[in-house]
Amino acid sequence: QVQLVESGGGYVQPWGSLKLSCVASGNIASANTMGWYRQAPANPREPVATITTGGSIWYADSVRGRFTVSRDNTKNTVYLQMNDLKPDDTAVYYCTLRQPYGGPDDQKSYWGQGTQVTVSL
């Protein structure tokens, strides 16, 4: 099993910044993908940014240029630096880790409990 614990959410005014952190523990594979999803009220959960152990990065179009994902493999920690925040960024942000599980082509995703980010005047 893998456990994920997020921190760093909170309240911020538009154009402000926040940095989220997520620490993974447990049975972590040497090759994995960590990242962030978010879910706003009445909306489905959507991917925000992901990063592999090798450093390959993906961003949603809505956050590219404003958010930066990074990781410290020695600490099994992923970060999300969020700049120029907008009210539309308000959501619960979830940390995720995906890694091989079972067969060679099988993957399993683990999720944190979520941290609230609120962007408002």
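About the criteria used
Residues numbered from 1 in each chain as written. Predicted model: local features only at pLDDT ≥ 70, side-chain atom pairs only at ≥ 80, totals over all residues. Heavy atoms only, no water. Helix = DSSP H or I, 4+ residues; strand = E, 2+ residues; numbered from the N terminus. Buried < 20%, exposed > 50% of the residue type's maximum accessible area, 1.4 Å probe, protein only. Salt bridge = Lys/Arg side-chain N within 4 Å of Asp/Glu carboxyl O.

Take unusual backbone geometry next. Even without being a glycine, tryptophan 15 presents a positive backbone phi close to 75 degrees. Within the secondary structure, tryptophan 15 sits in the loop between strand 2 (10–12) and strand 3 (18–26). Classification of tryptophan 15 as exposed rests on a relative accessible area of 67%. With a phi angle near 70 degrees, alanine 42 is a residue other than glycine that sits in the positive phi range. With respect to the helices and strands, the residue alanine 42 is situated in the loop between strand 4 (33–39) and strand 5 (46–52).

Here the focus is the pattern of salt bridges. Counting across every chain of the model gives four salt bridges. Its salt-bridge partner being glutamate 46, residue arginine 38 comes within 2.8 Å of it at the nearest N-O pair. Overall, the relative accessible area of 35% leaves glutamate 46 in the partly exposed class. Residues arginine 38 and aspartate 89 are paired through a salt bridge, measuring 2.9 Å at the closest nitrogen-oxygen approach. A residue pair is termed long-range when its members are at least 10 positions apart, and arginine 38 in strand 4 and aspartate 89 in the loop between strand 8 (77–82) and strand 9 (91–100) qualify at 51 residues. For the pair arginine 38 and aspartate 89, one class covers both residues: buried. Among the ionic contacts, a cluster of salt bridges with common partners joins Arg38, Glu46, Arg66 and Asp89.

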